[in-house]
Amino acid sequence: MEVLGLLINGFVIAFEPLNLALIVAGVVVGLFIGAMPGLGSVNGVAILLPMTFLVPPTSAVIFLAAIYYGAMYGGAISSIMLGIPGASTAVATTFDGRPLALKGQADKALVAAAAASFVGGSISVVLFTLFALPLAGVALAFGPPETFALMVLAFATFIGLGGDDIPKTLFSILIGLVFSTVGLDIISGEPRLIFGGLTGFYHGINFLVLAIGIYGIGEMLWTIEISQGEVLMSKATVSFRRILSNLRDLKGNIKTMIMGSFLGYFVGILPAAGATPGSLMAYGVAKTMSKNPETYGKGNIDGVVAPEAANNAASTGSMLPMLTLGIPGSPTTAILLGGMVIWGLEPGPLVFTDHPDFVWGLIASLYAANLFALLINIGFIPAFIWVLKMPFTILAPIIFVLCVVGGYVPTQSMHDVWLMLIFGVVGYFMRKLDYPMAPMVLAIVLGPLAEPAMRQSLIGSQGDVMIFFERPISGTIMVIALFLIVLPLIKNMRKRRKRNAANGPN
Amino acid sequence: MRVAELSMAVVMAIFSLYLMWKSTELPIGWIPAEGPGGGAFPFWLSLGMLLCCLWMIGRWVTRTSPPSRSTEPFMTPQTLKLFLLVAGSLAAMIGLIHIIGVYGAVPLFLIFYIRFLGRHSWAIAGSLAVSTPIAAFLFFEIALKKTLPKGYTEPLFYPLYDFFY
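(A) Fine view of the overall build of chain B. For chain B, the helix and strand inventory stands at 7 helices and 2 strands. The linear arrangement of helices and strands in chain B, starting from the amino end, is α-β-β-α-α-α-α-α-α. Against the compact-globule benchmark of 15 Å for 165 residues, chain B has a radius of gyration of 24 Å, which places it well outside the compact range. Projected onto the principal axes, the alpha-carbon positions of chain B cover approximately 60 × 55 × 25 Å. Buried positions account for 46% of the 165 residues belonging to chain B. A fraction of 50% describes how many contacts in chain B between residues 6 or more apart in sequence connect residues 24 or more apart. Only carbon and sulfur atoms are counted for the fraction: they give 74% of the accessible area of chain B, which is about 8600 Å².

Here it is in structure tokens:
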């Protein structure tokens, strides 16, 4: 019952006129950002975070969470209409969404995506409300070794479940961590890694500089490159009556929605996994569970419903470890976490006791954002289709200007703007070579938390590394992390053995 | 693609070595009663980076990573031209901010990009070049109270400051 009281209190905060306006604004902005090919919630949140200094932290996080949420709905729009995923989280939606659109059922797919997103969002928000307090309670018992072990787990998830090239993933994590150590050493207070003696490095490398560089400038360069060719836009006829009949048709897909929601939510909770693997897994499970899997990829409505329910559920799920443990569950929450630090809130379980308004206002705003996103999404489908027709050559320069100004504002130093450009260009090259970028951003956010945790633990144990394994909670986490790190090696060995066995008899 | 993959790995390996050397400016060993020195964390991480680079180079030699097998060019001439134009104009804008400030550089960038790269009409380019800086001024300087760099154009803004503050 304690939860209910806190939640009601949260609703009072979420429905303050300013916050309510920000929810609606955030959902609309998120929907548009999500609908634009190549731009997803990460990009929106990274580019717009500097704009939130105007409002108090609670309102700021509500606005950004609404963008996050809206982008999850919006991602489906370009996946279906253009066949280009609006965001990486909506990749799985193209598999069946595009064929449906080509068959002239674009509106059916769009409505199904919106409805599935709503179900995914609703289920996950309820789960979130129930899990938040107990998990935060457990986390209160954490000391530095446990915190450090959790960070190791977050990075291990990238290696074990990321599916990217392993040395490149590892490199990306390490370079992010090294960048996070630039500036003044927190314990001795001495300057560290001041490249070329530039004074701009004394205040460290702000994670926003890296995030905007990679997700703003780098991503735009990437999108400009791939959008050179002409894109085929599907036709969609939308009317109120058709929307209603489409909604009625979705009765048969409820089971898939619920499956996708639960799966997405729990994958989302895993540190660093996030909505993209969640939606891909949901698509896979829906296909294996289906009675006629051969229809998948040719325009099965379940193939749209499963990933869309999952990616919304995962976006909520990934906020759970961010709030309770201070470990982000996705790149977007990594940026939100960095934002919390800028706003002066210490991420971790203490947020629940020290800033209950912040936490419960955010949770309640998710309920509201979910409802608004559904209504706005369905109501504005024609508007989004118009946006998709907007030439990229107008959109791109405006986003670039936003990046430059947004990179300048937090520290008000031109040094950071140049650094951001360098990160953007190098990040673009690295991305072309399959270097995953999300681990780097996660690492620069977690670095300043991981290093002191490790150093404090080691001081406590007088240099004995076993401290991370001897304590029950940190030991368990470390073992899981180690397992995740060796997992791809085992997979590789198996694959090789299979290949050898196949080649053997010949 | 093959050349690019190797070059990136080699450049990053050199960068890792530089980081390792730079980390040794602070003690990297164990300081009694104080724990690991300030340079230890970045030093060992950079060593890890170096090892990853060597691993990538190894995979390049054995052709086990996808980019090291790809025969596609890293950038087609057309992509390269586009990239240089976009990144170059972006760098030029940031450089110009130092001299003529945000309110001089941003309109120039927008006009260049929208009119000359995007080949849209002067009406679209002009209206965005005027409205974007005004919106930025109202939002950042008035609402957020964060001044944007103005370079040598600073005196032109004194009347505006007088009006708003």
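(B) Layout of the packing of aromatic side chains. By the definition in use, this model includes 31 aromatic pairs over all chains. Seen in terms of ring centroids, A:Phe195 and B:Tyr18 are 5.9 Å apart; in terms of plane orientation they differ by 35°. Their pairing is tilted. With A:Phe195 in the loop between strand E2 (191-192) and helix H9 (207-226) and B:Tyr18 in helix H1 (residues 2-23), this pair bridges two chains. According to the relative accessible area criterion, B:Tyr18 is partly exposed, its value standing at 30%. Residues B:Tyr103 and B:Phe137 carry aromatic rings whose centres are separated by 5.8 Å and whose planes lie at 70° to one another, so their mutual orientation is edge-to-face. Of the two residues, B:Tyr103 is situated in helix H5 (residues 102-117) and B:Phe137 in helix H6 (residues 122-143); the sequence distance between them amounts to 34 residues. Across the pair, B:Phe137 and B:Tyr103 agree in class, each one buried. Put simply, the rings of A:Phe179, A:Phe195, A:Phe201, A:Phe423, B:Phe15, B:Tyr18 and B:Trp21 touch in pairs and so form one group of aromatic residues. Positioned above the aromatic ring of A:Tyr435 is the side chain of A:Lys168, whose terminal nitrogen or guanidinium carbon lies 5.1 Å from the ring centre. For the cation-ring pair, B:Lys150 lies above B:Phe157, with the distance from its terminal atom to the ring centre recorded as 5.2 Å.

(C) Structural context of helix H12 (residues 275-289) of chain A. Residue and element names in this part refer to chain A. Here H12 spans 21 Å end to end across 15 residues, near enough to the 21 Å set by a 1.5 Å rise per residue. Among the residues of H12, those classed as buried are Ala275, Gly278, Ser279, Ala282, Tyr283 and Ala286. Buried positions in H12, seen along its axis, are confined to an arc of 135° and lie on one side of it. In this fold, the buried residues of H12 make contact with helix H4 (57-81), helix H5 (91-102), helix H11 (254-269) and helix H13 (302-317).

(D) Fine view of helix H2 (residues 40-61) of chain B. With 22 residues, H2(B) should reach 32 Å at 1.5 Å per residue; the first-to-last C-alpha distance of 32 Å fits that figure. Just downstream of H2(B) lies B:Arg63, where phi reads positive at about 55°.

(E) Layout of the nonpolar core. By size, the foremost hydrophobic cluster in this structure holds 215 residues, and its most contacted members are A:Ile80, A:Phe171, A:Leu323, A:Ile335, A:Met340, A:Phe400 and B:Met93. Both domains that meet at this core, namely domain 1 (2-69) and domain 2 (77-164) of chain B, each give it at least three residues. For A:Ile335, the residues in contact, after removing those within four places along its chain, are A:Val42, A:Val45, A:Ala46, A:Leu49, A:Phe207, A:Ala211, A:Tyr215 and A:Val441. With 8 residues, the next largest nonpolar core counts A:Ala92, A:Ala282, A:Ala286 and A:Tyr296 among its residues.

Definitions and limits used
- The residue numbers shown here count from 1 along each chain, following its written sequence.
- Here chains are named by letter from A upward and ligands by number from 1 upward, in the order in which they appear as written.
- Since the coordinates come from a predicted model, pLDDT governs what is reported: local features require at least 70, and pairs of side-chain atoms require 80 or more to be given and counted, while whole-chain, interface and lining totals use all residues.
- For the side-chain quantities, the full set of heavy atoms in the structure was used; hydrogens and water were omitted.
- Elements are defined by DSSP. Helices are runs of H or I of four residues or more, strands are runs of E of two residues or more, and each kind is numbered from the N terminus.
- With C-alpha atoms as the basis for the radius of gyration, the globule rule is written as 2.2 Å multiplied by the number of residues raised to the power 0.38.
- Each residue gets one of three labels from its accessible area relative to the maximum for its type: buried under 20%, exposed over 50%, partly exposed in between, using a 1.4 Å probe on protein chains only.
- What makes two residues a contact is simply this: any of their non-hydrogen atoms within 4.5 Å.
- Each accessible area value is a Shrake-Rupley result obtained with a 1.4 Å probe; residue values ignore everything except the protein chains displayed when judging cover.
- In this analysis, rings of Phe, Tyr and Trp, with Trp reduced to its six-membered ring, are considered paired at centre separations within 6.5 Å, and the interplanar angle assigns stacked below 30 degrees, edge-to-face beyond 60, and tilted for intermediate values.
- Charge-over-ring contacts are defined here by two conditions on Lys NZ or Arg CZ: a distance within 6 Å of the ring centre and an angle within 35 degrees of the ring normal.
- Expected span, for any helix, means 1.5 Å times one less than how many residues it has.
- As used here, the arc is the angular range of directions from the helix axis to the C-beta atoms.
- By nonpolar core we mean a set of buried residues, namely Ala, Val, Leu, Ile, Met, Phe, Trp, Tyr and Cys, connected to one another through side-chain atoms within 4.5 Å.
- Segment limits for the domains were obtained from an automatic or database-derived domain assignment.

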